Amino acid sequence: MDKAIKLRFYKDRIFKSGIILLTVLSTLPLLLILFYIVKQGITSINWDFFINLPKPVGEKGGGIINALIGSGIIVFCASLMAIPFGALAGLYLSEYNRDKLAYWVGLCVDVLQGIPSIVLGIIIYLWVVKPTGHFSALSGSIALAIMMLPPIIKSTEETLKLIPVTIKEASLALGVPYYKTILRIILPMGLNGILSGSILSISRVAGETAPLLFTAFGNPFINTNILKPMSSLPLLIYNYAGSAYEDWHKLAWGASFVLIMSILFLNLVTKILERRWRIQF
Amino acid sequence: MENSILKVEHLNAFFGEAKILSDIILEIPENQIIALMGPSGCGKTTFLRSINRLHELTPGARTEGKIYLFEEDIYKMNLIVLRRKIGMVFQRPNPFPTMSIFENVISGYTLNGISLSKSQKEELVEDSLRKASLWKEVQDNLHKKGTFLSGGQQQRLCIARSLSMKPDIILFDEPTSSLDPISSNKIEELLLDLKKDYTIIIVTHNLQQAARTSDYTAFFYLGELIEFNKTQALFSNPAKRQTEDYISGRFG
Ligand SMILES: Nc1ncnc2c1ncn2[C@@H]1O[C@H](COP(=O)(O)OP(=O)(O)OP(=O)(O)O)[C@@H](O)[C@H]1O
Ligand SMILES: [Mg+2]
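Residues numbered from 1 in each chain as written. Chains lettered and ligands numbered in written order. Predicted model: local features only at pLDDT ≥ 70, side-chain atom pairs only at ≥ 80, totals over all residues. Heavy atoms only, no water.

Enquirer: Kindly report on the confidence of the model for chain B, identifying the contributing residues and their values.
Expert: Detailed reading of the predicted model is not advised wherever pLDDT is low. Summary statistics for chain B give a mean pLDDT of 93 and a share of 98% for residues scoring 70 or more. Overall fold confidence for the complex sits at a pTM of 0.86, while the interface term, ipTM, reaches 0.91. (pLDDT = per-residue confidence, 0-100.)

What follows is the structure, encoded as structure tokens:
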């Protein structure tokens, strides 16, 4: 074989192995983290862990029911606010992308995406918690909802933009009014993208502590009133991991495990949705 | 000449400042196939889309002049009524991907909020699919998604969707250009069948197709209607030099 070609061949091989090696190296920390959390957390997991309140210092056992319920309620309320607004804004951006307003909205969304979550928490503290005079789950939901908006808007916009214009025109050519074309043809076609974007954004904010520190605040008891302070998984982890007690550390590891598993689950659901519901056109 | 169904008077069409069609004057006879020919970019699609007023949907696009459907000014007609009377089939098959074959056929009714009884629906679906010569192929799979069909079948489904609205005119914009020859032939045969009940205006780049199927041919060049005549006359004895050049393959 020609020497130059041989050399090239080896260069290719080295290049390819280099890429693979770097990829493995970069995912290694992730795997190690996952492994460590599972190892630390899984020993805390049993049925009692899910149905009990945390025990006071010195007592063995205890669970995280307050944080589980809290996280559920806070994230649910946040989704209730963020998904409709986000989907509509995404629809606007994809339908009217020539408008000046759309340009500015798009820019705002990009900026919003870059705001640190702690700053959002403080702003909601100033705008909601202070005027109402107390911490509340609702204020936490508002902070999370704002964090959820950009990814929902983006994924909705991207999904809807992929829908061929001719399908919209097919509907208009049948005499169907524009608004009905959007509601009955375009939105249903984009549903899978809107849903998977929403679920992904839920999985992103489910682990957020910073926006909740000054808003939902935390609560050692079960609370279902969204106008009162409420616990959540990341808040519980933050508080208990920072404490000096071994039992509480164990609780925090258990909660981390539950959180990671839920996020993993949500990500899997998104992947399945994307594949199963793929609408071909 | 037969009764005219569509009268186009001094039609100009614009995209922003650019004048795409200038001073088109044309009378389209009823129950005939009219082929629109011309080199790429000469404004055939724009002309077609002016007839069902899809043209004006593009931001900045507008038209001047008048078009009459049975003596009625289409720019004064209710859009929904107009588009029910003038159906359209696009270059690429575009069935609604969220709907089954059955739902696609009657989508013009369901989407417009026109309620039909179950038997009316079934009758309409079967009738439209038969006319589009797709019934035999899909009758056992009516509730499957339309997008599972082959390209040619999808195109016939789109034709059935148009037919179900019982239009007077159907506009076809290069309906066979994305299809294989066998599917194209099927659609061509179909057009000949449909002409009994409908007036058909079809854009085509395929001269043989125009010659085979159409009764009249309009030749467009650079936004102007150069020549309009019976197809046979136009092909055998073109009156204008541009037409002659085009059909003899000297440009286009
Ligand atoms: N959305 C648009 N905005 C601006 N100009 C356009 C737009 N669509 C088409 N045009 C222009 O209008 C002219 C006519 O286009 P049209 O699509 O009607 O041509 P056509 O005869 O159908 O061509 P083809 O045979 O390639 O389909 C072209 O010069 C094109 O560049
Ligand atoms: Mg065209």
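Now that the structure has been shown, the text picks up again.
Enquirer: Give me the site of ligand 1: which residues, what numbers.
Expert: Residue and element names in this part refer to chain B. Around ligand 1 sit Phe15, Ile20, Ser40, Gly41, Cys42, Gly43, Lys44, Thr45, Thr46, Thr58, Glu174 and His205, and those are all the residues in its vicinity. The side chain of threonine 45 places a nitrogen or oxygen atom 2.5 Å from an oxygen atom of ligand 1. A distance of 3.3 Å is found between an oxygen atom of ligand 1 and a side-chain nitrogen or oxygen belonging to glutamate 174. Taken by itself ligand 1 offers 640 Å² of open surface, and the protein chains cover 59% of this. Sort the elements by how many residues they give to the shell around ligand 1 and helix α1 (residues 44-51) lands first, with 3 residues. Residues of the shell around ligand 1, tallied by class, amount to 3 nonpolar, 7 polar and 2 charged. (Near = heavy atom within 4 Å. Polar contact = N/O pair within 3.5 Å; in protein donor to acceptor, adjacent residues only side chain to side chain. Areas by Shrake-Rupley, 256 points an atom, 1.4 Å probe, with all protein chains shown as cover. Helix = DSSP H or I, 4+ residues; strand = E, 2+ residues; numbered from the N terminus. Nonpolar A, V, L, I, M, F, W, Y, C, P; charged D, E, K, R; others polar.)

Enquirer: Quick one: what's the story with the interface of chain B and chain A, residue by residue and with numbers?
Expert: In this complex, chain B contributes 27 residues to the contact, which on the side of chain A involves 20 residues. Together, the buried faces of chain B and chain A total about 1,900 Å²; carbon and sulfur atoms form 66% of this surface. For the pair chain B and chain A, the number of links is 1 salt bridge. Here arginine 49 of chain B makes a salt bridge to glutamate 169 of chain A, at a shortest N to O gap of 2.7 Å. Across the chain B-chain A interface, the total number found is 5 residue pairs in polar contact (both at pLDDT 80 or more). Within the residue set of the side of chain B that touches chain A, elements represented by two or more residues are α2 (79-85), β6 (86-89) and α4 (107-111) of chain B. Broken down by element, the residue count for the side of chain B that touches chain A peaks at 4 residues, all from α4 of chain B. Among the residues making up the side of chain B that touches chain A, the classes are represented as 14 nonpolar, 9 polar and 4 charged. (Contact = heavy atoms within 4.5 Å. Buried area = accessible area lost by both parts, 1.4 Å probe. Salt bridge = Lys/Arg side-chain N within 4 Å of Asp/Glu carboxyl O.)

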